[in-house]
Structures are given as C-alpha cells and as structure tokens.
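Here are the chains, one letter per residue:
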Amino acid sequence: MKKTEELLKNFLELLKKENRLLIESLGSKEASEDLLETIKNKEYVLSEILSLEKKDVEPFEELLINIENFTQRNKILANGNIEFINEVFEAIFEENSTKQYTKDGSLETKRETILNKKA
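Residues numbered from 1 in each chain as written. Predicted model: local features only at pLDDT ≥ 70, side-chain atom pairs only at ≥ 80, totals over all residues. Heavy atoms only, no water.

(A) Molecular detail of the overall build of the protein. Helix and strand content of the protein: four helices and two strands. For the protein, the N- to C-terminal ordering of α and β elements is α-α-α-α-β-β. For the protein, with 119 residues in total, the buried portion stands at 25%. Contacts in the protein between residues at least 24 apart in sequence constitute 56% of all its contacts with a sequence separation of at least 6. As displayed, the protein has an accessible area near 8900 Å², and 53% of this comes from carbon and sulfur atoms. (Helix = DSSP H or I, 4+ residues; strand = E, 2+ residues; numbered from the N terminus. Buried < 20%, exposed > 50% of the residue type's maximum accessible area, 1.4 Å probe, protein only. Contact = heavy atoms within 4.5 Å. Areas by Shrake-Rupley, 256 points an atom, 1.4 Å probe, with all protein chains shown as cover.)

(B) Structural view of helix 2 (residues 29-50). The end-to-end C-alpha distance of helix 2, which contains 22 residues, comes to 31 Å, matching closely the 32 Å that a straight helix rising 1.5 Å per residue would cover. If you check which residues of helix 2 are buried, you get Ala31, Leu35, Thr38, Lys42, Val45 and Ile49. Down the axis of helix 2, the sector holding all buried residues measures 95°, keeping them to one side. Facing away from the buried side of helix 2 by more than 90 degrees, the exposed set consists of Lys29, Leu36, Lys40, Glu43 and Tyr44. Structurally, helix 2 contributes buried residues whose contacts are with helix 1 (2-24). (Expected span 1.5 Å × (residues − 1). Arc of directions from axis to C-beta.)

(C) How the structure looks around helix 1. Taking 1.5 Å of rise per residue, the 23 residues of helix 1 would be expected to cover 33 Å, and the 33 Å separating its terminal C-alpha atoms lies within 8% of that figure. What helix 1 keeps buried is the set Thr4, Leu7, Leu8, Phe11, Leu12, Leu14, Leu15, Glu18, Asn19, Leu21 and Leu22. The inward-facing, buried residues of helix 1 contact helix 2, helix 3 (54-57) and helix 4 (61-92).

Structural data, given as structure tokens:
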C-alpha cells in the first residue's frame, strides 16, 4: 500500500514538473531537454502504476483526481505549444510553409502550392 502511494505521488510530482517545463521549454533548450527526461521518467512510473491492481489505487482517490487535473493541463499546454510553433514557422516561412504539425505531432499539408501539387 505504501509503494502504491509513493508511485502515485511520484507520478504527480513528475506531472507538476512537466507542467512547469512545458511553459519554460519554448524559451530554453535546457528546459526542453529536462522535459524529455521528465517524460521518460513519467513513462517508467506510469508503467509501474499500470502493473498495480485496481483495488490498490482506489484508496487514493484525491491523488488520482490531482493526477487527472495535471494530465489535462499538460495536454492543453502541449497543444498550445504546438500551435505556437506552427504560427512561428508560418510567420517565418510564410510563402514556403505548406506543412504544419497536428495535435498528435504528425505533419500534414495545409494548402496546395506549385511545390506540393501532384503532377
């Protein structure tokens, strides 16, 4: 039971750190690198949590709610960062900008130009 609580608290702390780094990462290479490391750590802790039984995590409802709240915040921030990066690239490469990142991180063609039309 103690291990479960520690895992959940650790995961919540990683989510809080990820939240801070998502804000800082647009202006700092170091923050971006820390963000990648935090995501790797978060994935490891999450795999440990997923190996637990449902009955083991049920007593920690408040922690689970906090985890859900930070997960949603981080998704919103990550999507905002993607949109910001797209706008910056579009502003810089306006005429040549035919592709943009989607919310799932893939590239898609956003408009047809002579460069991306099929022959």
